[in-house]
Structures are given as C-alpha cells and as structure tokens.
Amino acid sequence: MGEIIKPKEITNTVNTHIFFCDKCNKRIFESREDIYDGYYSEPYEEIELNILDEWYSVTLCLCDECLKKYQVELINCLETFGFKKEKI
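Residues numbered from 1 in each chain as written. Predicted model: local features only at pLDDT ≥ 70, side-chain atom pairs only at ≥ 80, totals over all residues. Heavy atoms only, no water.

Q: Looking at this model, I keep getting lost on the state of the cysteines. Mind explaining?
A: Covalent bonding between the sulfur atoms of two cysteines defines a disulfide. For the coordinates displayed, the defined rule picks out zero disulfides. Cysteine 24 takes part in no disulfide bond, and the closest cysteine sulfur to it belongs to cysteine 21, at a distance of 3.7 Å. On the accessibility criterion, cysteine 24 (40% relative accessible area) is partly exposed. Not part of a disulfide, cysteine 66 finds its nearest cysteine sulfur in cysteine 63, a span of 3.6 Å. (Disulfide = S-S within 2.5 Å. Buried < 20%, exposed > 50% of the residue type's maximum accessible area, 1.4 Å probe, protein only.)

Q: Help me understand a nonpolar patch on the surface in this model?
A: Taken together, the side chains of Ile51, Leu52, Tyr56, Phe81 and Phe83 present a nonpolar region at the surface, about 630 Å² in accessible area. Looking at the element boundaries, isoleucine 51 is found in strand β3 (residues 45–51). On the basis of relative accessibility, which here comes to 37%, the residue isoleucine 51 falls in the partly exposed class. (Patch = residues over 30% accessible without salt bridge, like charges linked within 9 Å, V, L, I, M, F, W, Y side chains within 5 Å. Areas by Shrake-Rupley, 256 points an atom, 1.4 Å probe, with all protein chains shown as cover. Salt bridge = Lys/Arg side-chain N within 4 Å of Asp/Glu carboxyl O. Helix = DSSP H or I, 4+ residues; strand = E, 2+ residues; numbered from the N terminus.)

Have a look at this one:
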C-alpha cells in the first residue's frame, strides 16, 4: 500500500463584470474574468477625430440605440460647423 487517493474539493471564485449603458443605464454586456490571467472583454466604443494634427477621443459604454443617437448628434454637431460627409 504505497499510495492513497484522497479527494479534495477545490472551489474557485470567478469575477463577472456587468456593463451598463452610460446614457440610459440599460444592462448591455456581461463578461467573465479568465481565472488564469484576469482578462475579460469590454464593450467600450472609442471615437477619434484628428483636427490640426491633434487627436481627440471619447470612450463610451453605450447600448446600440444610444450609440446610434450619439453618432447622429455628433454628425449634426459637425455639420453645424460646416463639415460634410466625404464621398469615397
């Protein structure tokens, strides 16, 4: 009898990140952390503009509806300053 098998129960706690829309507070995304490296997915949208060789950016966590509204508002704002959509 050189060996004895002894069962041992091991439990892990896993962190779940729950994301809400910055505008309407609707629950939009859930991501579970990897137990080995802590990585988890994030639903953030980054919008960047380059004006006079300077970069401007905003990072938002928005549901699809609020993202569309935000994009329309941003386009309307740019159009009031005379910006026009480029035809590529």
